[in-house]
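As a plain string of letters, each chain reads:
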Amino acid sequence: MNWLLPEYFADALPAEAQQIEGLRRRLLDLYRVHGYELVMPPTLEYLDSLLTGSGQDLSLKTFKLVDQVSGRTLGVHADITPQVARIDAHLLNRQGVVRLCYCDSVLHTRPASISATREPVQIGAEVYGYSGLAADLEAVRLMAASLSAAGLSATRLDLGHMGIFRALAKAAGLPKEGDEELFALLREKDVPGLAAACASLPEPYRSALLALPDLYGDARVLAQAKARLPDLPAVSEALQTLSRLAELLADLPVDFDLSDLRGYHYHTGVVFAAYAPGYASAIAQGGRYDGAGATFGRARPATGFSMDLREVARLAPALPVAGAVLAPIAVEDGALVAKVAALRAAGTVVVELLPGETRVAGPVCDRRLVQTGGEWIIEAIKED
């Protein structure tokens, strides 16, 4: 059947499309007033550019094809963040702090979950050029403000730190392959698998890695972590950073999860995720990824977040939709032409009836233009 779409792809019909577009405009305006500039990376890039450095984790998610012009392999972007890092490092090449935002469809070879789409609409914001805690704080607050602007409340904001795992893995003398295996087990919360993988590791690092899945909850978890984890400089620094964030974000529902890890080749410091009512997975997530842009000639500190606007739109309350005005087709009546033009310039939707047309299938018209005393005025359409 020609009208069937591939699995995990779907059309956005008028009501859904209007909701997504309304939220896109609202969120991009939110980022604009916070000083974020909009960029629009291309849908396709050479594969080695998309998957270099911070993009290595995206290889399995990325659709690949051969460029008929150059003969090189192209990739369809599965995540816009590495592209924005390239823009900051290579094209803008500015000194100091740069704030960038973006919104576009991305494509995944497989859905993230059984209910997910393979064509998310990724919207996000990134801060480049500042390595201090203030940038992480800004990113977390803007992520929370984004959900609020969409009419959603974050029931929980989970914070973690990649530095803790990296420090423990390094001190335990893990080779890169073992490092990645443990990372995957922790990310999946596979406690039996983690115990088996850590069996031959030296103490106290074996016990420390096994303790990570239990270290989640409110700020008291940080004190527990300090008592249970080895006194390594990187671990102490990470816990201090999280403690300071707990103080600065006391007005938000912040929790901590020291085994909530994402992006082995990507994140380097604080990581964070937001959860909303009625959605089991994180609705928004982000973190620090220092070194962004290094493979493009300029390493930069970076932090930011992104979310799937399709899922946000599905969970968010429906945006108010004003009814349209129904009008006779304005062909020779100059006064009617001027009235319709003025209404549209003010943002009012005006639908002109075509010759022989008596009603419209959409949008919903709750008013109409009628001529009274030589003037065109708006009156309500009464229900029959």
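Keep in mind that what you see is a predicted model, and the values were worked out from it rather than measured.

## What about the overall build of the protein?
Part 1 of the reasoning: Helix and strand counts for the protein stand at twelve helices and 16 strands.
Part 2 of the reasoning: Each principal axis of the C-alpha distribution contributes one length, and for the protein these read about 90 × 55 × 50 Å.
Part 3 of the reasoning: Considering only contacts within the protein whose residues lie at least 6 apart along the sequence, 68% involve residues at least 24 apart.
Part 4 of the reasoning: For the protein, the exposed surface amounts to about 19,600 Å²; the carbon and sulfur share of it is 54%.

## Some details on the pattern of salt bridges
Two side chains that carry opposite charge are able to pair once their charged atoms sit near each other.
Part 1 of the reasoning: Applying the stated criterion across every chain yields a total of 23 salt bridges.
Part 2 of the reasoning: Close ionic contact of Asp 88 with Arg 300 constitutes a salt bridge, the shortest N to O distance being 3.0 Å. With Asp 88 in helix H3 (residues 81-92) and Arg 300 in the loop between strand E11 (284-288) and strand E12 (302-308), this residue pair connects regions lying 212 residues apart in the sequence. Each member of the pair, Asp 88 as well as Arg 300, carries the same accessibility label: buried.
Part 3 of the reasoning: The shortest N-O distance in the salt bridge between Glu 138 and Arg 99 comes to 2.8 Å. Pair noted here: Glu 138 is in helix H4 (residues 133-149) and Arg 99 is in strand E5 (residues 98-105), with a separation of 39 residues, a long-range link.
Part 4 of the reasoning: For Glu 138, a relative accessible area of 24% corresponds to the partly exposed category.

## Things to note about the side chain of Asp 308
Part 1 of the reasoning: By the element assignment, Asp 308 lies in strand E12.
Part 2 of the reasoning: One buried charged residue, Asp 308, forms no salt bridge at all, with the nearest opposite charge on Arg 310 at 5.5 Å.
Part 3 of the reasoning: For Asp 308, the side chain forms a polar contact with the main-chain nitrogen of Val 121, separated by 3.0 Å.
Part 4 of the reasoning: Those residues in contact with Asp 308 that sit more than four places away from it in its chain are Thr 117, Pro 120, Val 121 and Ile 283.

## Re the packing of aromatic side chains
Part 1 of the reasoning: Under the definition given, this model contains three aromatic pairs.
Part 2 of the reasoning: Seen from their ring centres, Tyr 128 and Tyr 289 are 6.3 Å apart, and the 90° between their planes marks the pair as edge-to-face. Of the two residues, Tyr 128 sits in strand E6 (residues 121-128) while Tyr 289 sits in the loop between E11 and E12, which places them 161 residues apart along the sequence. Neither Tyr 128 nor Tyr 289 differs from the other in exposure class; each is buried.
Part 3 of the reasoning: Seen from the ring of Tyr 46, Arg 72 lies directly overhead, with NZ or CZ sitting 3.6 Å from the centre.
Part 4 of the reasoning: For the cation-ring pair, Arg 156 lies above Tyr 275, with the distance from its terminal atom to the ring centre recorded as 4.1 Å.

## Topic: the pairing of E12
Part 1 of the reasoning: Burial within E12 is extensive, with seven of its seven residues counted as buried.
Part 2 of the reasoning: Judged by which residues are buried, E12 turns out to be covered on both faces: Ala 302, Gly 304, Ser 306 and Asp 308 on one side and Thr 303, Phe 305 and Met 307 on the other are all buried.
Part 3 of the reasoning: When E6 meets E12, the two strands line up antiparallel, connected through seven bridges. Across the sheet, Tyr 128 pairs through a bridge with Ala 302, a residue of E12.

## With respect to the sheet that holds E12
Part 1 of the reasoning: In space, the nine strands of this open sheet follow the order E1-E5-E6-E12-E11-E10-E7-E9-E8, with mixed pairing throughout. The sheet is open, and its two borders are formed by strand E1 (37-38) and strand E8 (216-217), each paired with just one other strand.
Part 2 of the reasoning: As paired strands, E1 and E5 are joined by two bridges and run parallel to one another. Bridge assignment links Leu 38 to a residue of E5, and that residue is Cys 101.

## Concerning the sheet that holds strand E3 (residues 64-66)
Part 1 of the reasoning: Ordered in space as E2-E4-E3, the three strands form an open sheet in which the pairing is antiparallel. Each edge of the sheet is formed by a strand with only one pairing partner; in this case those strands are strand E2 (44-46) and E3. Mean inter-strand twist for the sheet, computed between neighbouring axes without regard to direction, equals 35°.

## Digging into the nonpolar core
Part 1 of the reasoning: Among the nonpolar cores identified, the biggest contains 75 residues, and Tyr 31, Leu 168, Leu 182, Leu 212, Leu 229 and Leu 309 are the most heavily contacted of them.
Part 2 of the reasoning: Examining the composition of this core, we find that eight residues originate from one element, H4, more than from any other.

## Considerations on the packing of H4 against helix H10 (residues 233-248)
Part 1 of the reasoning: At their nearest, the axes of H4 and H10 sit 11 Å apart, and the two run at 50° to each other. Between H4 and H10, the crossing angle belongs to the class labelled oblique. Classified by chirality, the crossing of H10 by H4 is right-handed. Judged by residue contacts, Leu 133, Leu 137 and Arg 141 of H4 engage Thr 241, Arg 244, Leu 245 and Leu 248 from H10.
Part 2 of the reasoning: Counted by class, the contact of H4 with H10 contains four nonpolar, one polar and two charged residues.

## Regarding the packing of helix H9 (residues 220-228) against H10
Two numbers describe a pair of packed helices, the interaxial angle and the distance between the axes.
Part 1 of the reasoning: Viewed as axis vectors pointing N to C, H9 and H10 meet at an angle of 170°, and their least axial separation amounts to 10 Å. Relative to H10, the element H9 lies roughly antiparallel. Crossing geometry of H9 relative to H10 is assigned as left-handed. From H9, Leu 222, Ala 225 and Lys 226 reach across to H10, where they touch Leu 239, Leu 242 and Ser 243.
Part 2 of the reasoning: Residues that form the contact of H9 with H10 fall into these classes: four nonpolar, one polar and one charged.

The rules we used
Residues numbered from 1 in each chain as written. Predicted model: local features only at pLDDT ≥ 70, side-chain atom pairs only at ≥ 80, totals over all residues. Heavy atoms only, no water. Helix = DSSP H or I, 4+ residues; strand = E, 2+ residues; numbered from the N terminus. Contact = heavy atoms within 4.5 Å. Areas by Shrake-Rupley, 256 points an atom, 1.4 Å probe, with all protein chains shown as cover. Salt bridge = Lys/Arg side-chain N within 4 Å of Asp/Glu carboxyl O. Buried < 20%, exposed > 50% of the residue type's maximum accessible area, 1.4 Å probe, protein only. Lys, Arg positive; Asp, Glu negative; His and termini not counted. Polar contact = N/O pair within 3.5 Å; in protein donor to acceptor, adjacent residues only side chain to side chain. Phe/Tyr/Trp six-rings, centres within 6.5 Å; stacked < 30°, edge-to-face > 60°. Lys NZ or Arg CZ within 6 Å of the ring centre and 35° of its normal. Pairing = 2+ DSSP bridges. Axes fitted to C-alpha atoms, helices over the stretch in contact; angles between N-to-C directions. Core = buried A, V, L, I, M, F, W, Y, C linked by side-chain atoms within 4.5 Å. Parallel < 35°, antiparallel > 145°, perpendicular 65-115°, else oblique. Left-handed = near helix turned anticlockwise from the far one by under 90°. Nonpolar A, V, L, I, M, F, W, Y, C, P; charged D, E, K, R; others polar.

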